[in-house]
Structure formats: structure tokens, C-alpha cells
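Tertiary structure, described
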Amino acid sequence: MATDIVAQLADSLAKTGVEDGELSYKGQGRKLDDAQSVEEMVKEIQDFKDLQALRLEGNTIGVAAAQAIAKALETKSKFERCYWSDMFTGRLRPEIPPALNSLGDALMLAGARLTVLDLSDNAFGPDGVKGIERLLRSTACYTLQELRLNNCGMGIGGGKILAASLIQCHKKSSAEGAPLGLKVFVAGRNRLENDGATALAQAFKLMGSLEEVHMPQNGINHPGVTALATAMQNNASLRILNLNDNTFTEKGAIAMAQALKHLRSIQVINFGDCLVRPAGAIAIAETVSEGLPILKELNLSFGEITEEAALAVALAVKNRDQLEKLDLNGNCLGEDGCKALKACMEGMNIGELLGSLSDDEGELEDDDEDEDEEEDEDDVDDEEIEEEEEEEEDEESSDIKLSTPASAPRPPDVSSFLSFPSPDKLLKLGAKRALLIEQQVDVSDASKTAEAFLKIASVYKEENNDVKNAVLDSVDALLKKAFSTPSFQGYNFVSSLLVLLGLLKSEDKVKPVLVVPGHLHALEHVVRQDYFPKENVAVLEAFMSR
């Protein structure tokens with residue numbers, strides 16, 4: 001009998017994950033729509049004395065369910081840590097702000113003092129940020145140390161709301177003698193762009209307490225990078241700076257090199273895929289050679305860095321005793337340059353610290369052309385930001401955009417191909433066509449992904465192996481990325497496909513495409529692939545059989 005009781009207790013603990021004041025429902029895949037669906041959870045929260053942390057990741061929570069959970073949290077005065085990433089999958093955007101407001105209001109009512117707030121992988125857009133605005137400005141967040149909002153689609157508008165909330169929280173907490181001391185900030189893949197990054201830079205400069213900053217893939221170019229660089233100078237304890245896959249160019253890289261001179265505690269610098277270019281790399285090398293005594297990792301991969309600049313970086317890390325990795329892959333060294341770099345590192349007895357150079361792009365042919373491209377790129381980026389701001393002012397920010405910003409100027413042929421597809425254009429994109437197309441398409445938007453899929457498939461030619469393979473490789477890359485993106489709605493993708501193929505009527509009066517054999521061949525291929533969900537295959541089969 002006693003054995004049975006122990007076994008039941010163990011099973012219960014395994015299900016809820018009770019540990020050190022923490023109650024966990026992580027990854028249980030529960031669909032929690034109403035108060036009834038969370039009755040058991042609510043009781044466990046209520047019965048948990050001195051609850052400090054609640055994990056809700058990997059479930060999907062509706063408004064009524066969130067309100068019931070919130071009611072149970074109203075008495076948890078010792079609550080500190082919210083692990084609430086990926087908990088709105090399949091929910092409509094209007095549902096998310098009231099759900100977040102309910103949970104936040106409960107924590108404020110309880111008198112909680114948060115240290116961790118993690119809402120990553122919830123594609124809630126600017127409206128979702130409004131859902132936590134009140135919480136972020138409250139006493140509950142005066143003690144916040146970690147704020148994780150990775151892959152939330154905040155956009156420029158959301159970035160500005162977040163920055164204003166952090167600034168207000170800092171001012172109010174400072175007035176009470178205990179200023180907000182945020183240590184970890186994570187907001188990758190949010191399309192913050194220059195204005196969002198600049199707004200957040202003001203908050204970072206004010207706080208001065210950051211130890212980790214992760215803002216990869218945000219479409220930030222040199223004005224935003226420069227603003228962040230200025231802010232980072234005020235955060236002397238910064239250990240990790242990850243701005244991977246933004247577009248520094250030389251201006252931004254040089255500004256960041258100057259900022260690094262003030263960061264003696266920096267251990268990890270990730271400026272990979274940031275187009276720092278030779279002058280930027282040399283500026284960073286000079287900073288490294290003059291200081292950064294405990295540097296462990298330096299990533300300057302895929303930045304159009306030449307042999308001379310790469311060698312300068314290598315020489316700069318010569319006496320960095322704690323260095324564990326130097327990544328210069330994907331630059332423009334050429335075969336001889338790669339050999340010279342390896343020889344240089346080995347000559348200093350640190351050859352094992354050099355990462356792979358397998359993706360080297362070969363030597364640059366014309367520096368003048370590169371400078372022209374930089375100027376053109378800056379102009380294009382500024383225009384795109386202005387368009388984004390106009391869209392937000394028109395309250396069109398409800399369309400979540402989580403496309404991965406390319407760190408280098410996108411070849412015009414990619415846009416040309418997707419606008420007017422042809423087999424020749426697809427082949428001319430070269431060996432990296434799949435990656436280029438994958439970077440161009442906003443896979444968070446199911447309808448745009450469906451349109452892109454059909455455009456690529458339309459040029460399929462059974463009798464031409466080169467074109468056939470190019471099409472299948474490209475659609476594989478596109479859909480693999482789409483179905484692996486947390487915010488991607490697979491059923492919406494299938495619905496959009498059916499509408500575009502004329503098999504399903506749309507309320508928006510979408511005009512169907514002219515169906516060609518390539519569409520059917522490509523569909524037949526993708527539904528056989530592991531990345532394509534079997535439940536979506538069933539829906540397609542039901543309509544295609546007509």
C-alpha cells in the first residue's frame with residue numbers, strides 16, 4: 001500500500017515538475033480554452049505554498065483559462081519567475097493581450113517581485129507588448145533581472161512600447177531607492193530595425209546594468225547599431241553581446257569597436273553575418289589588441305572581410321589567454337588567404353581555436369563596387385523603415401512579420417525571380433538559391449509562403465534535371481524553415497494553397513493562380529518529406545481528390 005502511494009506521488013511530481021518552489025507544466029501540449037480545462041492546474045497552484053516559479057511553456061492558453069490561472073496567482077506574494085514562452089500557439093491575436101493583462105494584474109495584486117519574465121516564441125506583435133506594458137511599469141518588475149522576448153514579432157512599434165516601459169520602470173524604481181537592474185535582455189527575431197533598436201538603446205543607457213544582450217536578426221543597420229554601441233558603453237559589466245545577422249557596415253562596426261573599448265568584462269562577441277567589412281574588422285581588431293582581457297569568443301563570420309583584415313584580427317587575439325574560438329568563416333579570403341590565416345594562427349600556437357573556413361566566399365573583385373552597394377543598401381534600409389512606420393501608424397501592424405533579415409544586400413535577382421518566375425532566373429541564382437529564397441520570404445506569413453511555394457513550383461520541368469532539382473531544393477528549404485518556425489500556422493498555409501489553386505473559396509476574393517503541372521509535381525514531392533506534417537497531408541488529399 002505504501003509503495004502504491006509513493007508511486008502515485010512520484011507520478012504526480014513527474015507530471016507537474018515540482019522543484020525548488022517551481023511548478024512546471026512545460027511541454028505538455030495542453031489545449032487550455034476555459035476555466036474548466038485548468039481546474040486541476042488552478043488547484044495545484046493554489047495548494048502550492050510559497051510558489052516562486054510557474055512554467056507554462058509548450059501549452060496553448062485561451063483568455064478564460066488565463067483568467068482562471070491568474071486568479072490562483074493573486075495570493076502568491078513570493079512569486080518571482082514567469083516561464084511563459086510558446087503558450088499561445090493557435091490563438092488569435094486579439095486573445096493574447098487580455099490573457100497577458102490578466103496574468104500581469106494578478107502578479108501586481110499579489111505583490112510579487114519578479115526576477116525572470118520569459119515570453120519568447122509568442123508571436124504576439126506590438127499588441128502583445130501592450131499586454132505586458134502595465135506589468136513592466138509596475139512594482140512587480142522593479143526587481144526584474146532577465147527579460148526574454150525572443151521571436152515575438154514586436155516590430156518597431158512594439159520595440160518603442162517596450163523601451164518606454166523599461167524607462168518608466170527605471171525612473172519609478174529609482175525614485176524608491178532601488179533602480180531597475182536588468183541583467184539579461186533577449187529579443188532576437190523581432191524586426192526592431194533602426195527605430196526600435198534606438199528606442200531600446202535609450203533604456204539600456206539609462207539602466208547601465210546589462211550583462212547579456214541578445215538581439216540577432218532584427219534588420220538593424222548602422223544608425224541603430226551606432227545607437228546600441230553608445231548605450232553599451234554605459235553597461236560596463238556586459239559579458240555577452242550577440243547582434244548576429246544585422247547589417248553593421250563599416251560605420252556601425254567602427255562605432256561598435258569604439259564601444260568595446262569600454263567593456264573590459266566582455267567574454268563573447270557575436271557579430272557574425274553583420275557585414276562588418278575590412279575597415280570594420282580592422283577597427284574591432286585594434287580594440288581587441290588593446291584590451292578585452294577575458295575574451296572567450298569572437299565571431300566575425302560572413303562579413304565580407306578580406307585576407308588583410310582577417311590576419312589583423314588573428315594577430316589581435318594572440319595573447320588572449322582565455323580565448324576559446326575565433327570564427328572567420330564565410331568571408332572573402334580566397335584560397336591563399338585561408339592558407340595564410342591558418343598558418344598565422346598555427347604559428348602563434350592557437351590554430352585549434354580557428355573555426356572552419358569551409359564557406360569562404362573567395363576574394364573580392366572590386367572594392368569600389370562594394371562601397372556603392374553599401375550606399376545603396378543604406379538608402380533601401382531607410383526607405384523600408386519609413387514604410388514600416390507608416391504601416392504602424394495606420395494600425396496595420398496586426399500582420400506579424402518575422403522574416404529573417406538578411407545581413408548582406410539581397411541580390412536583386414531573388415526579388416525579380418519571385419515577381420516574374422522563370423527557369424532561367426532560378427538557375428542564375430546559383431548554388432545558394434535555396435538560402436537566398438529562404439531569406440527573402442516571410443515564413444511567419446502562411447499566405448506569403450504559399451504564394452512563394454507556387455511561384456517556385458511553377459517553373460518546374462520534369463525533362464530538365466537542373467531546373468527540376470533547383471525547384472525541389474528551393475521548396476524544401478523554404479518549407480523546412482516554415483514548418484520549423486514556432487509562429488508558422490501549417491493549416492493556414494494549406495488553406496492558402498487551396499485558395500490559390502482554386503479549390504477553396506476565400507472571403508477576401510483572392511484570385512486563383514493558373515495551375516500548371518509543376519505545382520502538382522512539387523506538391524507530390526513535399527508531402528512525402530519528413531518536415532511536412534501528416535495531418536496537413538490528409539487535408540490536401542481530401543481536396544486534391546476532387
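It should be noted that the structure appears before, not after, this text.
Model, not experiment: these values are computed from the prediction. (Residues numbered from 1 in each chain as written. Predicted model: local features only at pLDDT ≥ 70, side-chain atom pairs only at ≥ 80, totals over all residues. Heavy atoms only, no water.)

**Quick word on the sheet that holds strand E3 (residues 53–55)**
Reading across from one edge, E1-E3-E5-E6-E7-E8-E9-E10-E11-E12-E13 is the order of the eleven strands in this open sheet, with parallel pairing throughout. Each edge of the open sheet is held by one strand with a lone partner, namely strand E1 (22–24) and strand E13 (325–327). With strand direction ignored, the average angle separating the axes of adjacent strands in the sheet is 5 degrees. The pairing of strand E9 (residues 212–214) with strand E10 (residues 240–242) spans three bridges and is classified as parallel. Counterpart to His 214 in the pairing with E10 is Asn 242. (Pairing = 2+ DSSP bridges. Helix = DSSP H or I, 4+ residues; strand = E, 2+ residues; numbered from the N terminus. Axes fitted to C-alpha atoms, helices over the stretch in contact; angles between N-to-C directions.)

**What to know about the nonpolar core**
Core analysis: the biggest nonpolar cluster contains 120 residues, and Leu 73, Trp 84 and Phe 271 have the highest contact counts within it. Other than its neighbours up to four places away in sequence, Leu 73 contacts Ile 45, Leu 51, Leu 54, Phe 79, Trp 84, Leu 103, Ala 106, Leu 107 and Ala 110. Core analysis: the next-biggest nonpolar cluster, separate from the first, contains 41 residues, Leu 429, Ala 470, Phe 483 and Phe 493 among them. (Core = buried A, V, L, I, M, F, W, Y, C linked by side-chain atoms within 4.5 Å. Buried < 20%, exposed > 50% of the residue type's maximum accessible area, 1.4 Å probe, protein only. Contact = heavy atoms within 4.5 Å.)

**Topic: a nonpolar patch on the surface**
Residues Val 513, Val 515 and Leu 520 make up a contiguous nonpolar surface patch of roughly 210 Å² in combined accessible area. Exposure remark for Leu 520: the relative accessible area of 43% places this residue in the partly exposed category. (Patch = residues over 30% accessible without salt bridge, like charges linked within 9 Å, V, L, I, M, F, W, Y side chains within 5 Å. Areas by Shrake-Rupley, 256 points an atom, 1.4 Å probe, with all protein chains shown as cover. Salt bridge = Lys/Arg side-chain N within 4 Å of Asp/Glu carboxyl O.)

**Looking at the pattern of salt bridges**
This structure, assessed with the given rule, holds 22 salt bridges. When the shortest N-O distance is used, the salt bridge between Lys 71 and Glu 74 registers 3.5 Å. One salt bridge in this structure joins Asp 105 and Arg 134, with 2.8 Å as the shortest N-O distance. With a gap of 29 residues between them, Asp 105 in helix H4 (residues 96–110) and Arg 134 in helix H5 (residues 125–136) connect regions that are remote in the sequence. In this structure Asp 105 comes out as partly exposed when scored by relative accessible area, which is 32%. We classify Arg 134 as partly exposed; its relative accessible area is 44%. Through salt bridges with shared partners, a single network forms among Lys 31, Asp 33, Arg 91 and Glu 95.

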